[in-house]
Amino acid sequence: REAERIAGVRVLSVIRPRLPSPERGRRLADRLAPPYIVPGNDAHQLAWLSVAPPPSSLLMLIVSGEDASVTAVVAANLAAVAAEEARNVILIDTDATSNSVAAALRLHARPGIVEIIDSKLNWPDVTQHATIGRDRAIDVVPSGTGLPAPDVAEVSALLQRDPAWLARHYDTVIIVASKEQVLSGLPGVLPMKGVLHCARVCATPLNGLRKTIEDVRAGGGQPIGIVLWDDVLPALLTPEEMAAGPPPPRTAEMEAFVSGRVR
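Residues numbered from 1 in each chain as written. Predicted model: local features only at pLDDT ≥ 70, side-chain atom pairs only at ≥ 80, totals over all residues. Heavy atoms only, no water.

Draft legend 1. The arrangement of the sheet that holds strand E8 (residues 222-229) in detail. Taking strand neighbours across the sheet as the criterion, the eight strands line up as E1-E8-E7-E2-E6-E3-E5-E4 in an open arrangement whose pairing is mixed. Edge positions in the sheet fall to strand E1 (11-15) and strand E4 (128-132), since each of these pairs with one other strand and no more. On average, each strand axis in the sheet is tilted by 25° relative to the strand beside it, whichever way the strands run. As defined by bridge partners, strand E3 (residues 89-93) adjoins strand E6 (residues 172-176) across five bridges and the pair is classed as parallel. From the neighbouring strand, aspartate 93 faces E6, where its bridge partner is valine 176. Where helix H3 (residues 42-51) meets the sheet, its contacts fall on E1, strand E2 (59-65), E6 and E8, and the angle it forms with E1 comes to roughly 165°. (Pairing = 2+ DSSP bridges. Helix = DSSP H or I, 4+ residues; strand = E, 2+ residues; numbered from the N terminus. Axes fitted to C-alpha atoms, helices over the stretch in contact; angles between N-to-C directions. Contact = heavy atoms within 4.5 Å.)

Shown next, in the form of structure tokens:
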């Protein structure tokens, strides 16, 4: 209530610690799933229900926040819940300074957005396949790696160039962006300018939260709600651990997806 009063935006859900479900450990697909991706969590489902469009309607949403790991976990769970609702989902990480989406989903951070911006690859070339549960999957475009990381203008130009392509192939486009990217005007270039902001209980100052929401609006975004994280920070893999892991699997379904995309 205090966050809503100060920021003037509705709190969609509060993510709190949750006891492990014994049901989840019975299936191999669940045991192999990334530990922080739990689409059955009521808090994640509530957040999704608050932003979900009518069936067959497009959702293009930016998820941002104070901490990159929290933002990535919230965004990935939104994507997972959307996939459970039989929506065709793509999760795009534009923050090449943290690689947090790849870490949360235990994928390789490259190739990704950086390689598209450098005109080396296209969207289908960098799209990875993340299995969510036994029979659902989401498509993921990692941030990519490279120094210096792409600036806001380069990321904005890419998303401004290709929203029609994304909307043609997906009905749910979730974009993970840093707070700095959002405040620098990234939402303003998209056809749908909704921004979901992630804040931390007992860590995000209320006055800072209010200013952030005001700055989101000033940058062309439309704040649609706040998700509060009331737990310890996620312990995601480091870039070195991700790079040392095996390459992401390319299933037959993923190969069909890649070959069927228009380049």
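On we go.
Draft legend 2. Just helix H11 (residues 206-218), in detail. Over its 13 residues, H11 extends 18 Å from the first C-alpha to the last, a length consistent with the 18 Å expected when each residue adds 1.5 Å. Residues of H11 that are buried: Leu209, Thr212, Ile213 and Val216. With its buried residues spanning 95° around the axis, H11 presents them on a single face. For H11, the exposed residues set more than 90 degrees away from the buried face come down to Asn207 and Ala218. Buried-residue contacts for H11 involve helix H1 (2-7), helix H10 (179-183), strand E7 (194-200) and E8. Positive phi appears at glycine 220, one or two residues downstream of H11, with a value of about 95°. (Expected span 1.5 Å × (residues − 1). Buried < 20%, exposed > 50% of the residue type's maximum accessible area, 1.4 Å probe, protein only. Arc of directions from axis to C-beta.)

Draft legend 3. Focus on the nonpolar core. Among the nonpolar cores identified, the biggest contains 38 residues, and Val63, Leu78, Leu91, Leu105 and Ile138 are the most heavily contacted of them. Ranked by residue count, the leading element in this core is helix H4 (residues 68-84), at 12 residues. If we ignore the near neighbours within four places in the chain, the residues touching leucine 78 are His44, Ala47, Trp48, Leu61, Val63, Ile174 and Leu196. Membership of the second largest hydrophobic core comes to 24 residues, among which are Ile116, Leu166, Ile175 and Leu190. (Core = buried A, V, L, I, M, F, W, Y, C linked by side-chain atoms within 4.5 Å.)

Draft legend 4. Layout of the side chain of threonine 204. Looking at the element boundaries, threonine 204 is found in the loop between E7 and H11. Residue threonine 204 is classed as buried on the basis of its relative accessible area, which comes to 16%. Look past the residues within four positions of threonine 204 in its chain and what remains in contact with it is Glu66, Ala199 and Leu209.

Interpretation note: all reported values are geometric properties and have no functional meaning in isolation.
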